[in-house]
Amino acid sequence: MKQFELFPGKQLSRRQLLTGTAAFGSLLAAGALTGCGGNAQAAGVRDIGFWHLLSGGDGIKMQAMINSANQANPGFKVHPTVLAWGPPYYTKLAMASAGGRPPEVAIMHASRVPGYAPGGLIDPWDLSLLAEHGVTGADFAPRIWEKSQQDGKVFSIALDSHPFVMFYNTDVASKAGVLAGNGQLEEVASPQEFMDLAREMQKVTKAHGLSFGYLGSGSQMWRLFYTLYKQHGADITLTPGQPMKVDRDAAIESLEFMASLFDDTIAAKSGDISTGIAEFARGDSGMLFSGVWELPTLKKAGLPVDAATIPTLYGTPAAYADSHSFVLPRQLNVDEAKRRDVYKFVSDVLKGSLSWAEAGHIPGYQPVVQSQAYKDLTPQAHYANAADVIAYDPESWFSGSGSDWQTYFAENVQNVLLGRDKAVAGWGAFEERTNHLLSMPNPV
Amino acid sequence: MSSSLAARRKPGSLTRSNLSGWGFAAPFLVFFLVFLVWPLLYGLYMSLTGKSLTGANDSLIGFANYAEALADAGMWRSLGNTLYFTVISTVPLVLVALVMAALLNVGLPAQWLWRLSYFAPYLLASTVVSLFFTWMYNPQLGLINDALSKIGIPKVAWLNDPNVAMWAIVIATLWWTVGFNFLLYLAAMQNIPHQHYEAASLDGAGAWRQFFSITLPQLTPTTVMIVLLQILASLKIFDQVYQMTAGGPGGSTRPVVQYIFETGFTGYRLGYSAAISYIFFGLIVLVSVMQFAVTRRRSA
């Protein structure tokens with residue numbers, strides 16, 4: 001029989017090889033078993049898994065908050081796992097929870113909670129345990145606290161609210177003569193006034209008045225659309241089994257206004273998020289519509305930047321927003337000691353969220369917002385009033401930040417914004433798509 | 001020795017030597033059963049239920065998912081996009097590979113450099129390629145529009161124009177994967193006996209004549225294989241689309257694999273998504289069988 005010649009001079013029979021493989025396999029298995037547990041367990045420190053979707057500047061701030069919570073609490077150590085924002089994050093979180101082995105605590109957008117809570121993918125918070133650490137419902141702005149609840153139970157604890165706002169270049173604004181006596185941008189109250197303001201700024205920059213990148217991004221289009229739509233005082237109601245309830249005229253008017261901005265004078269006809277931000281950072285425009293999370297980038301660019309809520313153009317102040325919120329993914333077996341640690345960790349992070357505010361977000365925890373230190377932060381303090389007018393996405397299992405619904409919005413509306421399609425047609429197609437989703441069996 | 005033994009032995013009897021054969025095959029068989037056969041059967045079962053990602057509604061609902069899928073415009077559209085991509089990508093991916101291999105085969109100097117530069121993109125991850133092309137296609141800052149504007153061609157919204165986006169993805173895919181087909185063609189060309197060309201040139205055949213009368217016919221089995229592999233690879237398109245356009249603009253590039261992913265994982269409807277994947281699976285089997293039939297007729 002042919003022998004295996006692995007080593008010159010030494011022949012190995014097939015039997016020897018098989019025995020050797022088996023022995024090697026069991027060695028590996030033994031190694032894997034002893035590998036469990038980890039060193040932290042041995043020292044009596046509990047490991048807390050924490051998933052979040054905060055990258056870039058946000059991620060660095062979050063890591064600093066985790067580090068200080070870990071230092072203050074020798075009993076546990078929080079291990080963060082950072083996943084990409086949007087479907088990659090939410091599908092993994094849903095699957096881990098469905099399998100019963102998710103992290104002990106996770107960050108979710110408050111607008112996504114209605115897709116998770118009814119299906120039992122996340123557990124409600126025990127308010128008495130939270131109160132032991134000095135955090136109660138009274139510590140949150142009413143709108144934010146209301147959003148934390150589903151069927152009377154609190155499913156999410158908001159770390160912040162992050163509205164869609166308007167940044168502006170004070171140099172450009174001053175040269176254009178559109179600054180008010182207090183040094184902030186003068187107020188405008190109608191679409192026409194806003195367009196005039198933007199044109200004044202364009203005369204200074206010679207490029208554009210406003211930067212707003214939207215191409216290929218459903219989230220961006222939705223954020224501005226929903227801000228304008230809510231300024232009409234209108235609502236959208238999504239009830240499974242029924243057609244979408246919406247003020248169609250308000251929707252179409254908002255879309256038409258958005259499309260009219262992209263005339264290559266007020267704003268670039270086609271730009272995506274990164275080109276929009278780059279244009280504003282270069283000083284080629286006077287204003288930028290973006291999320292508050294962009295503040296660190298803009299400050300780093302060395303711009304003379306200030307910020308405000310997006311002007312009220314249709315009578316009712318409103319700003320699209322969402323909240324990064326803590327949730328308790330459903331565990332197969334809850335480790336009570338670890339869950340108590342999670343309450344301590346979350347309350348520590350909330351109390352230390354002034355550093356989170358430096359990244360642009362409005363802290364959810366009111367004692368921080370009311371502190372003098374926060375009031376001294378500019379331009380954050382100039383849009384802190386947004387917390388009173390924020391509008392979260394309409395509730396349903398398919399809506400919310402980074403959802404497919406926002407993608408469907410882009411699919412039907414991008415051509416309207418590019419001037420290739422009528423607002424009526426684009427909105428009609430989106431409504432049809434939404435109604436199809438509402439007619440399907442509710443999977444949660 | 002083994003053939004005379006096998007002739008005397010009853011088929012199927014467990015002797016020591018075929019036991020160890022099973023032993024060797026076992027690791028593969030276990031993986032095959034656990035990661036292919038079992039998911040295949042379980043997926044089929046799942047497609048007959050209303051199963052959701054949250055675990056709600058596991059009950060059997062018969063063929064309701066299939067009926068819904070066949071009436072779902074979203075599925076047909078994404079299936080159409082997949083087929084469109086397959087058609088418009090397979091042709092250049094085969095032809096360009098052939099041309100590249102033929103050019104190299106005439107004996108250019110520094111062969112290793114050509115081979116490396118043609119094949120190297122294939123080694124990159126899809127994320128790298130997508131990121132790279134997303135920047136090049138950027139309407140305002142991209143290299144391509146910049147080059148176009150220098151020769152007076154107006155800017156193209158590569159990934160944002162429904163009429164152009166799929167072609168933009170084909171171009172990226174071509175650059176990325178053509179090296180594999182090129183390598184197969186080159187290997188096949190270098191296996192054609194040199195005497196054929198010598199004889200032909202003695203008979204007065206020129207380079208083109210030799211290419212069409214010797215090279216191409218000799219490459220037929222390779223071409224058939226490349227076309228089959230390419231069709232199957234193109235049908236499975238997902239990564240670069242998801243990263244470059246996420247299926248947009250207006251759903252014009254969303255392939256069926258993405259639709260399956262969306263209905264199942266972000267729309268939570270696992271049962272329904274399994275049904276669509278079985279419809280797609282049926283289509284792939286159909287294409288493979290047709291291709292197989294053609295190949296057999298040719299080789300017979």
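Residues numbered from 1 in each chain as written. Chains lettered and ligands numbered in written order. Predicted model: local features only at pLDDT ≥ 70, side-chain atom pairs only at ≥ 80, totals over all residues. Heavy atoms only, no water.

Asker: What exactly am I supposed to notice about the interface of chain B and chain A here?
Answerer: How big an interface is tends to be reported as the loss of accessible area on association of its parts. Taken together, the 31 residues of chain B in the interface contact 35 residues of chain A. In this assembly, chain B and chain A are joined by two salt bridges. In this structure, Glu 411 of chain A engages Arg 254 of chain B in a salt bridge whose closest nitrogen and oxygen atoms are separated by 2.5 Å. Connecting chain B to chain A are three residue pairs in polar contact (both at pLDDT 80 or more). At the level of elements, α2 (16-46) and α13 (256-266) of chain B are the ones that each hand at least two residues to the side of chain B that touches chain A. For the side of chain B that touches chain A, the element with the highest residue contribution is α13 of chain B, accounting for five residues. Its residues assigned to classes, the side of chain B that touches chain A shows 13 nonpolar, 11 polar and seven charged. (Contact = heavy atoms within 4.5 Å. Salt bridge = Lys/Arg side-chain N within 4 Å of Asp/Glu carboxyl O. Polar contact = N/O pair within 3.5 Å; in protein donor to acceptor, adjacent residues only side chain to side chain. Helix = DSSP H or I, 4+ residues; strand = E, 2+ residues; numbered from the N terminus. Nonpolar A, V, L, I, M, F, W, Y, C, P; charged D, E, K, R; others polar.)

Asker: Any chance you could explain helix α9 (residues 218-230) of chain A here in plain terms?
Answerer: Helix length check: α9 of chain A, at 13 residues, gives a terminal C-alpha distance of 18 Å against a target of 18 Å (1.5 Å per residue), a fit within 8%. Of all 13 residues that make up α9 of chain A, 13 are buried, and the element is covered over most of its length. (Expected span 1.5 Å × (residues − 1). Buried < 20%, exposed > 50% of the residue type's maximum accessible area, 1.4 Å probe, protein only.)

Asker: Teacher, can you tell me more about a negative patch on the surface here?
Answerer: All names here are of chain A. On the surface, a cluster of negative charge is made up of Asp 247, Asp 249, Glu 253 and Glu 256. As for its position among the elements, Asp 247 is in the loop between β13 (245-246) and α10 (248-261). According to the relative accessible area criterion, Asp 247 is partly exposed, its value standing at 33%. (Patch = residues over 30% accessible without salt bridge, like charges linked within 9 Å, V, L, I, M, F, W, Y side chains within 5 Å. Areas by Shrake-Rupley, 256 points an atom, 1.4 Å probe, with all protein chains shown as cover. Lys, Arg positive; Asp, Glu negative; His and termini not counted. Charge placed at Lys NZ, Arg CZ, Asp CG, Glu CD.)

Asker: So what exactly am I meant to see when it comes to the confidence of the model for chain A here?
Answerer: Do not read the predicted coordinates in detail wherever pLDDT is low. All names here are of chain A. Taken residue by residue, chain A gives an average pLDDT of 88. The fraction at 70 or more is 90%. The low-confidence segment residues 1-12, where pLDDT is below 50, has 13 contacts with residues more than four positions distant or belonging to other chains. Here residues 19-42 is a poorly scored stretch, pLDDT under 50, and it has four contacts once near neighbours within four places are set aside; other chains count. (pLDDT = per-residue confidence, 0-100.)

Asker: Mind showing me how you'd approach unusual backbone geometry here?
Answerer: Leave glycine aside and you will find that most residues have negative phi; peptide bonds, for their part, are mostly trans. Note the cis peptide between Thr 378 of chain A and Pro 379 of chain A, where omega equals 5 degrees. Considering the arrangement of structural elements, one finds Pro 379 of chain A in the loop between α16 (372-375) and β19 (390-391). Despite not being glycine, Ala 246 of chain B has its phi angle at roughly 55 degrees, a positive value. Structurally, the position occupied by Ala 246 of chain B is in the loop between α12 (239-244) and α13.

Asker: Would you mind going over empty space enclosed by the protein with me for this structure?
Answerer: Over the atoms, a rolling probe the size of a water molecule traces out where space has been left empty. Residue and element names in this part refer to chain A. This structure, assessed with the given rule, holds one cavity of 30 Å³ or more. By volume, the largest cavity amounts to about 30 Å³. Forming the boundary of the largest cavity are Leu 224, Leu 228, Phe 257, Leu 261, Phe 289, Ile 310 and Leu 313. When residues of the lining of the largest cavity are traced back to their parent elements, those giving at least two are α9 and α10. Split into classes, the residues belonging to the lining of the largest cavity amount to seven nonpolar, no polar and no charged. (1 Å grid on protein atoms, 1.4 Å probe; cavity = no way out; pocket = protein on both sides within 12 Å on 5 of 7 lines; lining within 4 Å. Points joined across faces, edges and corners; volume = space filled by probe spheres on them.)

Asker: How do you make sense of the side chain of Gln 202 of chain A when you look at a structure like this?
Answerer: Residues and elements named next belong to chain A. Along the chain, the position of Gln 202 falls in helix α8 (residues 191-205). For Gln 202, a relative accessible area of 17% puts it in the buried group. Each residue touching Gln 202, except ones within four places of it in the same chain, is listed here: Ala 207, His 208, Gly 209 and Thr 265.

Asker: Would you mind going over the pairing of strand β5 (residues 105-109) of chain A with me for this structure?
Answerer: As a general feature of sheets, a regular strand has side chains that alternate between the two faces. All names here are of chain A. The element β5 is extensively covered by neighbouring structure, given that five of its five residues are classed as buried. Neither face of β5 is left uncovered, since the one carrying Val 105, Ile 107 and His 109 and the one carrying Ala 106 and Met 108 both have all their residues buried. Bridge analysis of β5 against strand β17 (residues 324-329) gives four bridges, and the strand direction is antiparallel. Residue pairing in the sheet places Met 108 in a bridge with Ser 325 of β17. (Pairing = 2+ DSSP bridges.)

Asker: Just to check I follow, could you spell out the pattern of salt bridges for this structure?
Answerer: Two side chains that carry opposite charge are able to pair once their charged atoms sit near each other. Residues and elements named next belong to chain A. The full count for this structure, using the stated rule, is 17 salt bridges over all chains. Here Glu 132 and Arg 340 are joined by a salt bridge, their closest N and O atoms 3.6 Å apart. Separated by 208 residues along the polypeptide, Glu 132 in helix α5 (residues 127-132) and Arg 340 in helix α13 (residues 336-351) bring together distant segments of the chain. Look at Glu 132 and you get exposed, because its relative accessible area is 55%. Exposure remark for Arg 340: the relative accessible area of 46% places this residue in the partly exposed category.

Asker: What's the story with the nonpolar core in this structure? I'm lost.
Answerer: Side chains that are nonpolar tend, in soluble globular proteins, to be buried together. Ile 157, Phe 194, Met 287, Phe 326 and Phe 345 of chain A are the most contacted members of the largest nonpolar core, which totals 123 residues. With residues near it in sequence (within four places) discarded, Met 287 of chain A still touches Met 166, Phe 167, Tyr 168, Leu 185, Phe 194, Leu 197, Ala 198, Met 201, Gly 209, Leu 210, Ser 211 and Phe 280 of chain A. (Core = buried A, V, L, I, M, F, W, Y, C linked by side-chain atoms within 4.5 Å.)

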